[in-house]
Amino acid sequence: MTTPQYNNQELLICIAARQMSDNTSAFIGTGIPMLAAALAKRMHAPNLVTFFEFGGVAPDLAMLPHGVGESRTYHRALAALGICDVMETACRGFIEYGFLGGAQIDPYGNLNSTVLGDHDLPKVRFPGSGGANDIGSLCWRTIAIMPHDRRKFVPKVDFVTTAGYLGGPGSREEAGLPPGTGPYRVVTNLALLGYDEQTCRMKLLATNPGVTVDQVVEHTGFELLFADEIGTNPPPTEQELHLLRDEIDPTGLYIGKR
Amino acid sequence: MGELKSGIKELVLKPDPDGARAWMREHKSMALVDKRMTEAEAVRRFVQEGDYLATELYGSCRAPMSITREIIRQGLRNLNIAGQGVMETELLIAAGCIRNIDLTYQGWEVYGISPVLRRAAEGGKVNISEWSNASLAWRLKAAALGVPFIPVRSMLGTDTFKYSAAKEITCPFTGMKLCALPATMVDVGIIHAHRADKYGNCQIDGISGFAIELARASKKLLVSVEEIIDNEEIRTYPERTVIPWFLVDALVVAPFGSHPGEMNSYYWRDQEHLKEYLDLIKTEQGTQEYLKRTIHDLPDHETYVQTIGKERLAALVEARTMR
């Protein structure tokens with residue numbers, strides 16, 4: 001059997017989807033998380049409950065939304081609420097996974113999606129927190145999805161938009177964030193990373209197909225920790241690719257036209 | 001626990017619950033009066049230079065685009081805004097109407113970051129304070145409660161907090177560290193709803209976004225609707241009234257009022273129009289060309305809708321998300 005051909009986006013989506021267990025809940029932002037959730041629901045997690053920022057709860061995700069407030073986020077959903085209701089559900093500890101992204105990430109999983117350079121006269125202005133700060137504060141476990149390069153994996157982010165483990169062990173609790181919450185995984189085009197329990201620093205768990213550990217190190221702008229055994233992520237299966245291409249994103253909005 | 005921190009940004013709108021109470025008593029009425037008026041009249045009567053505005057939901061979903069365009073058309077300046085927006089806040093920034101932004105997000109989600117915000121922020125043309133999505137909604141909720149702040153567990157420990165005007169506090173009951181968010185009783189709230197009776201009893205289909213909170217946290221509330229329904233229908237389904245009449249100051253009947261955004265169950269987003277827009281806003285010149293063509297060269301929303309054309313609109317209705 002030959003390995004199917006796939007692109008980076010498809011790989012990211014498949015690996016992100018595999019991080020979510022069945023019978024749990026996930027706070028879904030725009031883009032790859034939407035496709036990952038739709039894929040997880042069709043593969044191993046049919047009972048995954050998805051929450052969308054502006055009120056959609058558990059839609060069928062038959063059509064891919066382009067934004068977190070649009071009607072496809074509550075198409076045949078179980079509830080159409082509002083932003084306060086959804087965010088307060090996370091406040092009360094109901095929402096397991098939260099998806100995040102950004103322009104920069106540091107070894108403690110702190111994320112920047114606000115500015116490069118000085119805040120008041122920035123070199124580059126990004127959109128800002130949106131729901132990211134809330135998701136990173138309130139969900140139990142956050143999964144960041146990032147392109148892997150040294151400009152993005154930096155020793156210190158220019159601006160902490162969203163809390164990771166902040167300055168290390170105990171920092172979140174000291175800041176007043178709910179105990180037991182924090183970064184869980186980072187999914188990149190090169191690897192799957194987690195966090196060391198003792199130091200709260202980012203740790204390489206597995207490389208993507210065809211990627212070496214050295215390549216991951218080379219593309220990371222800070223010192224990585226390594227799992228005792230570094231695995232290899234299985235490539236997207238034919239079934240995953242079929243679902244992504246033919247059912248989830250048939251127009252190629254996110255995964256590209258074929 | 002260490003010292004309690006404060007955000008370093010100056011608060012744009014200071015909480016004043018007693019002032020808000022007095023204002024409501026003086027300016028709001030329980031009388032059932034016909035509040036229908038045009039966008040032009042609503043903006044002329046209720047929006048002033050220097051006002052603090054908030055719009056809902058956001059620029060590509062159930063957004064009050066026709067009223068937003070009228071604010072730009074009337075050339076209002078020095079406005080302050082709670083920025084939870086995509087297109088409506090972007091247009092206001094592009095037109096130079098905005099001085100201060102309480103910002104959570106200004107971008108185009110899957111379609112990328114906002115070149116308009118980039119030019120304004122990187123050129124130092126607007127003053128920006130950072131907040132999160134939930135925080136801006138909770139600030140409205142605090143105003144709706146008639147209290148000066150609300151304690152929450154977002155923003156703590158981050159630069160989003162540092163560049164806001166929030167403050168850390170200690171809970172008097174548990175000793176927990178919390179983030180105190182100042183209440184935002186906005187001067188002008190602007191919401192696009194599906195339908196209302198002529199008195200302003202409003203119904204919204206689908207998610208409510210933060211319409212419920214904003215409607216209750218607005219000194220002056222402008223609502224645009226896709227259609228007017230009979231008061232009898234309101235009375236038959238009173239549980240569907242999410243914004244009651246006494247909160248509403250101006251009611252604007254604006255079919256396709258969210259265009260080029262979507263209006264759930266009524267019409268889909270105008271992808272073609274947005275594609276062209278996103279292309280134009282890459283440059284300042286293109287942005288001004290768009291503002292001229294879709295706002296300054298047109299007298300009102302009715303004409304705007306005519307320029308989109310019947311055929312295109314019919315296709316958007318056809319493409320809407322069905323239940």
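Basis of the calculations
Residues numbered from 1 in each chain as written. Chains lettered and ligands numbered in written order. Predicted model: local features only at pLDDT ≥ 70, side-chain atom pairs only at ≥ 80, totals over all residues. Heavy atoms only, no water. Contact = heavy atoms within 4.5 Å. Buried area = accessible area lost by both parts, 1.4 Å probe. Salt bridge = Lys/Arg side-chain N within 4 Å of Asp/Glu carboxyl O. Polar contact = N/O pair within 3.5 Å; in protein donor to acceptor, adjacent residues only side chain to side chain. Helix = DSSP H or I, 4+ residues; strand = E, 2+ residues; numbered from the N terminus. Nonpolar A, V, L, I, M, F, W, Y, C, P; charged D, E, K, R; others polar. Buried < 20%, exposed > 50% of the residue type's maximum accessible area, 1.4 Å probe, protein only. pLDDT = per-residue confidence, 0-100. Disulfide = S-S within 2.5 Å. Phe/Tyr/Trp six-rings, centres within 6.5 Å; stacked < 30°, edge-to-face > 60°. Lys NZ or Arg CZ within 6 Å of the ring centre and 35° of its normal.

1. Focus: the interface of chain B and chain A
Size of an interface, as often reported, equals the accessible area lost when the parts are brought together. Listed by partner, the interface residues are 54 residues for chain B and 56 residues for chain A. Carbon and sulfur atoms make up 58% of the surface buried where chain B meets chain A, a total of about 4200 Å² over both sides. At the boundary of chain B with chain A, the tally comes to 4 salt bridges. For Glu130 of chain B, the salt bridge identified is with Arg125 of chain A, shortest N-O distance 2.6 Å. Where chain B packs against chain A, one counts 32 residue pairs in polar contact (both at pLDDT 80 or more). Secondary-structure elements contributing two or more residues to the side of chain B that touches chain A are strand 3 (98-106), helix 5 (115-122), strand 4 (127-130), helix 6 (133-145) and helix 7 (159-162) of chain B. Broken down by element, the side of chain B that touches chain A gets its largest block of residues, 6 residues, from helix 6 of chain B. Taken together, the residues of the side of chain B that touches chain A break down into 22 nonpolar, 19 polar and 13 charged.

2. As for the pattern of salt bridges
When the charged atoms of two side chains with opposite charge come close together, those side chains can pair. All names here are of chain B. Under the defined criterion, the tally for this structure stands at 28 salt bridges over all chains. The partner of Asp249 in a salt bridge is Lys28, with the nearest N and O atoms 2.6 Å apart. In this pair, Asp249 sits in the loop between helix 9 (231-236) and strand 11 (250-253) while Lys28 sits in the loop between helix 1 (17-27) and helix 2 (39-46), placing the two residues 221 residues apart along the sequence. The exposure class assigned to Lys28 is buried, which follows from its relative accessible area of 17%.

3. Some thoughts on the confidence of the model for chain B
Chain-level pLDDT for chain B is 96 on average; 99% of the residues reach the 70-or-more range. Complex prediction metrics read pTM 0.97 and ipTM 0.96.

4. A closer look at the side chain of Arg195 of chain B
Residue and element names in this part refer to chain B. For Arg195, the location among the structural elements is in strand 8 (residues 186-196). At 3.2 Å, the side chain of Arg195 and the side chain of Tyr266 are in polar contact. Apart from residues no more than four positions distant in its own chain, Arg195 is found in contact with Asn201, Cys202, Gln203, Asp205, Val225, Glu227, Ile229, Arg240 and Tyr266.

5. Brief notes about the state of the cysteines
Linking two cysteines covalently through their sulfur atoms gives a disulfide. All told, the structure shown has 0 disulfides over all chains when counted by the stated rule. With no disulfide of its own, Cys61 of chain B lies closest to Cys84 of chain A among cysteine sulfurs, the gap being 17 Å. Exposure remark for Cys61 of chain B: the relative accessible area of 2% places this residue in the buried category.

6. Let's talk about unusual backbone geometry
All names here are of chain B. Going from Glu56 to Leu57, the amide bond is cis rather than trans, its omega being 5 degrees. Structurally, Leu57 is set in the loop between strand 1 (52-56) and helix 3 (65-73). Here the residue pair His259 and Pro260 is connected by a cis peptide bond, since its omega of 10 degrees sits within 30 degrees of zero. In this model, Arg62 sits at a positive phi of 40 degrees, which is unusual for a non-glycine residue. Relative to the helices and strands, Arg62 is located in the loop between strand 1 and helix 3. Classification of Arg62 by relative accessible area gives buried; the value is 3%.

7. A closer look at the packing of aromatic side chains
Per the counting criterion, the structure on display carries 10 aromatic pairs over all chains. Aromatic pair Phe54 of chain A and Tyr58 of chain B: ring centres 5.0 Å apart, planes at 40 degrees, arrangement tilted. Highlighted residues: Phe54 of chain A in the loop between strand 2 (49-52) and strand 3 (56-57) and Tyr58 of chain B in the loop between strand 1 and helix 3, drawn from two different chains. The structure contains a cluster of three or more aromatic residues connected by ring pairs, namely Phe54 of chain A together with Tyr58 and Phe210 of chain B. Its end group placed over the ring of Tyr184 of chain A, Arg141 of chain A keeps NZ or CZ at 4.5 Å from the ring centre.

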